[in-house]
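Each chain is listed here by its residues.
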Amino acid sequence: MSFYNRLEPVLIERILPKDISAVQAGIYAKAYRLFDAGNNISYLFSVILLPLFASVIKKGEDLQSLVKQSFSLMLTMTCLIAIVCIFYSQNLMELLYPRPESELVEIYNSRIHESSKILQILMGSFVSISITYIFGTLLTANGNLKQLNIVAAIGVIINVSLNFIFIPIFTGYLVSSEEDKSWKFFSNVLTTIGVFLLLLIVPSFIWMKELLELFTAADLDETLLDRATYFGRLILPGQLFIFAGSILVAVQHTRKQFLIPSLTGVIYNAAIIIGGVLLSSRGLEGFALGVPVGAFIGFFALQIWGAHRGGVHYKPIISPFAPDFLRYLKMMLPMSLGVGSMFALEFVIRSFGGAFGSSGISALNYAYRVMYTLVAVFGFSVGVASY
């Protein structure tokens, strides 16, 4: 979810028309800075929890009391922060961003008002996102992230690629008064890629165990492999709902509808948390069940309602050789490979690190951090300066 959130300013700047993109990205960034500051508190809390969870798991002690205490503390703390930010959003924006002398009062008030509204929406998701740090840390300490990471990476690639490429093409038809073509393009993308994705999900569901064995270098205990297979099959169908929801969210953005699309992550995270809490006696099964449930409600059912309110026109069309669809694929493929490569190394580390003993994953992670530091210092700075 952190990846989703941090890409939003980029998507805003790239997708919106050039004459307003920089201004709108700045308005969003003003509110996001406060959200990110609060998010750092939750992150630091999870850093403290990681060795505590790992120690309790290693000793074979009961985790329930520690998880409940952590959940209660995080819930209380984040609710207080969210309530203050929601009710005093306008005051906070005015305090942090005073009016420049050269700016008209009307323009300044309008900009601050928009940022305060965005802050209210962001802080509405702050509680659920913060709570996921607790359960994400628990999963990390228990070493049960492999199948969750694979499926989550697929969701990120689908969501980002579809939004970044789909919206400009779809909006281009609307701007040129060719609305019929825009709805045909929308229907074709949703149906054709949806069918293709379904054709991938079905065999992956059937041969999940074999796929896990194929992509895991270390020999897995049969019990652990069966458990990973079960969780993978629970989580996998949710990706179809995330795909459909991503297209519906993109269409709503072109219609200037933002409230319902903004609830996807909130409901998705909340469903995972609620599943884990309600089924705590069954271990990680509750979290895994929360993934397809949250994807269906947040990304699919709710977005169908939002798209219907926006006047979406859909009819099943499968035309993989349509010119606009082929253009869409050519634009999407490089970005999918670029975004996917960011998750590929994480997958390789977790999959093959176990083959080098108990410290293999940690050693590879440390090496990756050193490499990434050099990339951040030299690669990113050179790229930004060149741009």
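Residues numbered from 1 in each chain as written. Predicted model: local features only at pLDDT ≥ 70, side-chain atom pairs only at ≥ 80, totals over all residues. Heavy atoms only, no water.

Draft legend 1. The overall build of the chain, seen in detail. The number of helices and strands found in the chain is 15 helices and 0 strands. Classification of the 387 residues of the chain by burial places 41% in the buried group. Within the chain, contacts between residues at least 6 apart in sequence are counted, and of these 77% link residues at least 24 apart. When the accessible area of the chain is evaluated, it comes to approximately 20,900 Å², of which 69% is carbon and sulfur surface. (Helix = DSSP H or I, 4+ residues; strand = E, 2+ residues; numbered from the N terminus. Buried < 20%, exposed > 50% of the residue type's maximum accessible area, 1.4 Å probe, protein only. Contact = heavy atoms within 4.5 Å. Areas by Shrake-Rupley, 256 points an atom, 1.4 Å probe, with all protein chains shown as cover.)

Draft legend 2. Focus on the packing of helix α10 (residues 238-254) against helix α13 (residues 285-309). Close contact between α10 and α13 brings their axes to 8 Å; oriented N to C, the two are set at 30°. As judged from the angle between their axes, α10 and α13 are roughly parallel. In terms of crossing hand, the pair formed by α10 and α13 is left-handed. Together, Gly238, Phe241, Ile242, Ala244, Gly245, Leu248, Val249 and Gln252 of α10 and Pro292, Ala295, Phe296, Phe299, Phe300, Gln303, Ile304, Gly306 and Ala307 of α13 make up the contact between the two elements. Partitioning the contact of α10 with α13 into residue classes produces 12 nonpolar, 5 polar and no charged. (Axes fitted to C-alpha atoms, helices over the stretch in contact; angles between N-to-C directions. Parallel < 35°, antiparallel > 145°, perpendicular 65-115°, else oblique. Left-handed = near helix turned anticlockwise from the far one by under 90°. Nonpolar A, V, L, I, M, F, W, Y, C, P; charged D, E, K, R; others polar.)

Draft legend 3. The side chain of Lys30, seen in detail. In this fold, Lys30 is placed in helix α2 (residues 18-59). Not counting the four nearest positions on each side in its chain, Lys30 is found in contact with Met93, Tyr97, Arg111 and Ser115.

Draft legend 4. Region of the structure containing the environment of Ala141. Looking at the element boundaries, Ala141 is found in helix α5 (residues 105-142). Beyond its immediate sequence surroundings of up to four residues, Ala141 is in contact with Leu50, Phe53, Ala54 and Ile57.

Draft legend 5. Just the confidence of the model for the chain, in detail. Per-residue confidence for the chain gives a mean pLDDT of 75; residues scoring 70 or more make up 69%. Per-element averaging of pLDDT across the chain places helix α15 (residues 360-386) at the bottom with 59 and helix α4 (residues 89-96) at the top with 86. (pLDDT = per-residue confidence, 0-100.)

Draft legend 6. Structural detail: a nonpolar patch on the surface. A cluster of nonpolar residues, Leu198, Val202, Phe205, Ile206 and Trp207, forms a patch on the protein surface that exposes about 470 Å² of accessible area. In this structure, Val202 sits in helix α7 (residues 179-206). (Patch = residues over 30% accessible without salt bridge, like charges linked within 9 Å, V, L, I, M, F, W, Y side chains within 5 Å. Salt bridge = Lys/Arg side-chain N within 4 Å of Asp/Glu carboxyl O.)

Draft legend 7. Structural view of the environment of Ile247. Note that Ile247 resides in helix α10. The exposure class of Ile247 is buried, given its relative accessible area of 0%. Along the primary structure Ile247 and Phe186 are separated by 61 residues, whereas in three dimensions their C-alpha atoms are 7.9 Å apart.

Draft legend 8. Representation of the packing of aromatic side chains in the model. All chains considered together, the criterion is met by 9 aromatic pairs. Both rings, one in Tyr230 and one in Phe231, keep their centres 5.9 Å apart while their planes meet at 40°; by these two values the pair is tilted. With 5.7 Å between their ring centres and 85° between their planes, Tyr268 and Phe299 make a pair best called edge-to-face. Taken together, the positions of Tyr268 in helix α12 (residues 264-278) and Phe299 in helix α13 put the pair 31 residues apart, joining distant regions of the chain. Taking the relative accessible area as the measure of exposure, Tyr268 reaches 12% and is therefore buried. Ring-pair connections join several aromatic residues into one group, and the members of that group are Tyr28, Tyr32, Phe35 and Phe126. One Lys or Arg, Arg233, reaches over the ring of Phe205 and ends 5.8 Å from the middle of that ring. (Phe/Tyr/Trp six-rings, centres within 6.5 Å; stacked < 30°, edge-to-face > 60°. Lys NZ or Arg CZ within 6 Å of the ring centre and 35° of its normal.)

Draft legend 9. Spatial organisation of the pattern of salt bridges. Tallying each qualifying case throughout the model produces 1 salt bridge. The salt bridge partner of Asp226 is Lys209, with a shortest N-O separation of 3.2 Å. One end of the pair, Asp226, is in helix α9 (residues 222-235); the other, Lys209, is in helix α8 (residues 208-214), and 17 residues separate them in sequence.

Draft legend 10. α9, seen in detail. Spanning 14 residues, α9 covers 20 Å between terminal C-alpha atoms, matching the ideal 20 Å at 1.5 Å per step. For α9, the complete set of buried residues consists of Leu225, Ala228, Thr229, Phe231, Gly232, Leu234 and Ile235. (Expected span 1.5 Å × (residues − 1).)

Draft legend 11. Layout of the nonpolar core. Membership of the largest hydrophobic core comes to 41 residues, with the highest contact counts inside it found for Phe35, Phe53, Leu63 and Tyr268. Sorting the residues of this core by element identifies α2, α3 (64-87), α5, α9, α12 and α13 as the ones contributing at least two each. Per-element accounting of this core gives the leading share, 13 residues, to α5. Core analysis: the second largest hydrophobic core is formed by 23 residues, Trp183, Leu212, Phe325 and Met332 among them. (Core = buried A, V, L, I, M, F, W, Y, C linked by side-chain atoms within 4.5 Å.)

Draft legend 12. Quick look at the environment of Ala288. Looking at where Ala288 falls in the secondary structure, it is placed in helix α13. With relative accessibility at 2%, the residue Ala288 sits in the buried group. Sequence spacing of Ala288 and Gly276 is 12 residues, and the spatial spacing of their C-alpha atoms is 8.0 Å. Leaving out residues up to four positions away in the same chain, Ala288 has contacts with Phe231, Leu234 and Ile235.

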